[in-house]
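# Survey of secondary and tertiary structure
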Amino acid sequence: DAGVIQSPRHEVTEMGQEVTLRCKPISGHDYLFWYRQTMMRGLELLIYFNNNVPIDDSGMPEDRFSAKMPNASFSTLKIQPSEPRDSAVYFCASSLVGGGGNQPQHFGDGTRLSIL
Amino acid sequence: AQSVTQLGSHVSVSEGALVLLRCNYSSSVPPYLFWYVQYPNQGLQLLLKYTSAATLVKGINGFEAEFKKSETSFHLTKPSAHMSDAAEYFCAVSPGGYQKVTFGIGTKLQVIP
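Procedures and definitions
- Residues numbered from 1 in each chain as written.
- Chains lettered and ligands numbered in written order.
- Predicted model: local features only at pLDDT ≥ 70, side-chain atom pairs only at ≥ 80, totals over all residues.
- Heavy atoms only, no water.
- Contact = heavy atoms within 4.5 Å.
- Buried area = accessible area lost by both parts, 1.4 Å probe.
- Salt bridge = Lys/Arg side-chain N within 4 Å of Asp/Glu carboxyl O.
- Polar contact = N/O pair within 3.5 Å; in protein donor to acceptor, adjacent residues only side chain to side chain.
- Helix = DSSP H or I, 4+ residues; strand = E, 2+ residues; numbered from the N terminus.
- Nonpolar A, V, L, I, M, F, W, Y, C, P; charged D, E, K, R; others polar.

## Side note on the interface of chain B and chain A
Each partner contributes to the interface: chain B provides 20 residues, whereas chain A provides 25 residues. For the pair chain B and chain A, the summed buried area comes to about 1800 Å², and 53% of that belongs to carbon and sulfur atoms. Here chain B and chain A share zero salt bridges between them. Run the count over chain B and chain A and you get four residue pairs in polar contact (both at pLDDT 80 or more). Elements with a contribution of two residues or more to the side of chain B that touches chain A: strand E4 (32-38), strand E5 (44-50) and strand E9 (87-94) of chain B. The biggest single contributor to the side of chain B that touches chain A is E4(B), with four residues. Within the side of chain B that touches chain A, the residues separate by chemical class into nine nonpolar, eight polar and three charged.

This is the structure:
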């Protein structure tokens, strides 16, 4: 079975440029999560969706960040304009609803983003 | 609100020695608890999960964890460390009812030959 697929795996761009990260969740999963991982702050939840609807975006650091899920098989995380402090590994994860929250999350391999 | 505390951001063990990674949680309701492992340049993978069926949970790669309500702990153990166990391990808690999962800061396990 295909897992969560993220693209690109690596992105290097200059400050001020728009960055778009992409995620394809596991087919049939109801929830999709975007995380950011840094050495300083660990793993941070940015936003999550249920059935394509954003449920909690309280972790989105600022208005430069936006996320969409136009359909059940695709989501994007966009940073515009990008800044060096946005450099991190960004993970997408998906999970099934069931049992009231006992389903594990399945993670993609991440996008390593470097803003110069 | 729920929280997770992982004691020790770095743990070193000798190959063949016992692995013990500590996790304490805080939750206002009976929680679901998870351990994930992250290998370099990869995403997190589920090791095991506690969902109230049994207090001793067995996972992949010989790992297990015991839920102790009185101690609010969910420590991860493996009797004999292998070089391939070197990775970062994350404890996570969910209060159920599908609220978002809270991850600990992670513990990096080093296995010394």
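## Description of unusual backbone geometry
Residue A:Pro8 follows A:Ser7 across a cis peptide bond; omega there is -10°. For A:Pro8, the location among the structural elements is in the loop between strand E1 (5-7) and strand E2 (10-13). For the bond from A:Gln80 to A:Pro81, the omega torsion is -5°, close enough to zero to count as cis. Within the fold, A:Pro81 resides in the loop between strand E8 (74-79) and strand E9 (88-95). Its identity as a non-glycine residue notwithstanding, B:Asn41 has a phi of 60°, on the positive side. Structurally, B:Asn41 is set in the loop between E4 and E5.

As far as function goes, none of this settles anything; it's purely spatial.
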